[in-house]
Amino acid sequence: IFWRKELRDGSGGAGRTRGGLGQVIEVSSACGKPFEILASFDRVANPPRGQEGGSDGAPGFIGLGSGQRLRAKGVQEIPAHERLVIMTPGGAGRRAPRERERACVRDDMDKGLVSAEDARLVYGWVEEKGRAVPARRGRLRGCAGARRPLAGLDCRRDQHGERITGLARAHG
């Protein structure tokens with residue numbers, strides 16, 4: 001039984017190109033019996049590393065609903081009436097977070113992908129009359145490639161510098 005499958009808050013690394021959010025997946029046996037998994041998870045001990053000034057993504061986690069950690073590799077038995085919890089790692093950020101375009105930060109906040117506190121502390125944005133503005137003024141470059149992992153908007157610029165907003169493509 002799937003009890004939960006949702007985006008993992010705060011798991012994407014901050015950056016001009018923000019890392020994608022990981023997922024939280026929680027499952028259990030439908031018949032109340034133990035079940036086995038063949039775990040083959042990466043980025044549990046070592047999170048995805050930020051590039052060119054971007055922040056690391058959150059490391060993954062595999063364990064039980066009771067809090068007990070499981071190994072990232074190998075065959076393991078999940079006890080009857082226990083839930084398997086998998087938290088996939090978040091993607092790493094690329095380039096300095098304060099270079100992120102304000103429209104993209106606002107979009108992230110509107111979609112619940114970045115908290116108002118992180119927008120202020122990490123990205124350097126503050127709320128001013130319901131919109132995100134930079135804490136310090138300056139010309140910012142566009143957020144090329146700022147795609148969400150599952151759905152959302154994509155902020156890019158065309159060859160004339162005009163902002164393009166469209167549906168994001170899923171990463172492969």
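Presented here is a report on the structure given in the accompanying data block. Everything numeric here is computed off the predicted structure, so don't read it as measured data. (Residues numbered from 1 in each chain as written. Predicted model: local features only at pLDDT ≥ 70, side-chain atom pairs only at ≥ 80, totals over all residues. Heavy atoms only, no water.)

The secondary structure content of the protein chain amounts to two helices and 10 strands. Counting all 172 residues of the protein chain, 37% fall into the buried class. A fraction of 61% describes how many contacts in the protein chain between residues 6 or more apart in sequence connect residues 24 or more apart. When the accessible area of the protein chain is evaluated, it comes to approximately 10000 Å², of which 49% is carbon and sulfur surface. (Helix = DSSP H or I, 4+ residues; strand = E, 2+ residues; numbered from the N terminus. Buried < 20%, exposed > 50% of the residue type's maximum accessible area, 1.4 Å probe, protein only. Contact = heavy atoms within 4.5 Å. Areas by Shrake-Rupley, 256 points an atom, 1.4 Å probe, with all protein chains shown as cover.)

Sheet architecture is open: four strands sit in the order β1-β2-β6-β4, paired in antiparallel fashion. Edge positions in the sheet fall to β1 (2–7) and β4 (61–64), since each has one partner strand and no second. The average undirected angle you get between the axes of adjacent strands in this sheet is 10°. Bridge count for β4 against strand β6 (residues 84–87) is four bridges, and the pairing is antiparallel. Paired with Gly-63 across the two strands is Val-85, which belongs to β6. (Pairing = 2+ DSSP bridges. Axes fitted to C-alpha atoms, helices over the stretch in contact; angles between N-to-C directions.)

All right, on to the pattern of salt bridges then. Evaluation of the coordinates by the stated rule reveals 11 salt bridges. Here Asp-108 ties to Arg-18 by a salt bridge, and the two come within 3.2 Å at their closest N and O atoms. Residue Asp-108 is located in helix α1 (residues 102–110), and its partner Arg-18 is located in the loop between β1 and β2 (23–27); the two are separated by 90 residues in the primary sequence. The partner of Lys-73 in a salt bridge is Asp-42, with the nearest N and O atoms 2.7 Å apart. (Salt bridge = Lys/Arg side-chain N within 4 Å of Asp/Glu carboxyl O.)

Further remarks concern the environment of Glu-26. You can see Glu-26 is positioned in strand β2. For the pair Glu-26 and Ile-86, spaced 60 residues apart in sequence, the C-alpha separation works out to 6.4 Å. Leave out the neighbours within four places in its chain, and Glu-26 touches Ile-1, Phe-2, Trp-3, Arg-4, Arg-83, Leu-84 and Val-85. There is a polar contact of 3.0 Å between the side chain of Glu-26 and the side chain of Arg-83. (Polar contact = N/O pair within 3.5 Å; in protein donor to acceptor, adjacent residues only side chain to side chain.)

Let us now look at the packing of aromatic side chains. Under the criterion given, the structure shown has zero aromatic pairs. Note that Arg-83 overlies the ring of Trp-3, its terminal NZ or CZ placed 3.7 Å from the centroid. (Phe/Tyr/Trp six-rings, centres within 6.5 Å; stacked < 30°, edge-to-face > 60°. Lys NZ or Arg CZ within 6 Å of the ring centre and 35° of its normal.)

One ladder, built from four bridges, connects β2 with β6; its direction is antiparallel. Within β6, the residue paired with Val-24 across the bridge is Met-87.

So, on to the side chain of Ser-28. Positionally, Ser-28 belongs in the loop between β2 and β3 (35–40). Within the structure, Ser-28 has its side chain in polar contact with the side chain of Trp-3 (distance 2.6 Å). In this view, Ser-28 contacts Ile-1, Trp-3, Phe-35, Glu-82 and Arg-83; residues no more than four positions away in its chain are not counted.

This paragraph deals with the nonpolar core. Ile-25, Val-27, Ile-37, Ala-39, Ile-62, Leu-64, Leu-70, Ile-78, Leu-84 and Ile-86 form the largest nonpolar core, which has 10 residues in total. Within the residue set of this core, elements represented by two or more residues are β2, β3, β4 and β6. The contacts of Leu-70, once residues within four sequence positions are left out, are Ile-62, Gly-63, Leu-64, Gln-76, Ile-78 and Leu-84. (Core = buried A, V, L, I, M, F, W, Y, C linked by side-chain atoms within 4.5 Å.)

Here Gly-53 is to be found in the loop between β3 and β4. By relative accessible area, which is 53% here, Gly-53 ends up exposed. A C-alpha to C-alpha distance of 9.1 Å links Gly-53 and Arg-16, two positions 37 residues apart in sequence.

Below, the discussion takes up the side chain of Arg-18. Take Arg-18: its relative accessible area is 6%, and that puts it in the buried class. A polar contact of 3.2 Å, which involves the side chain of Arg-18, links it to the side chain of Asp-108.

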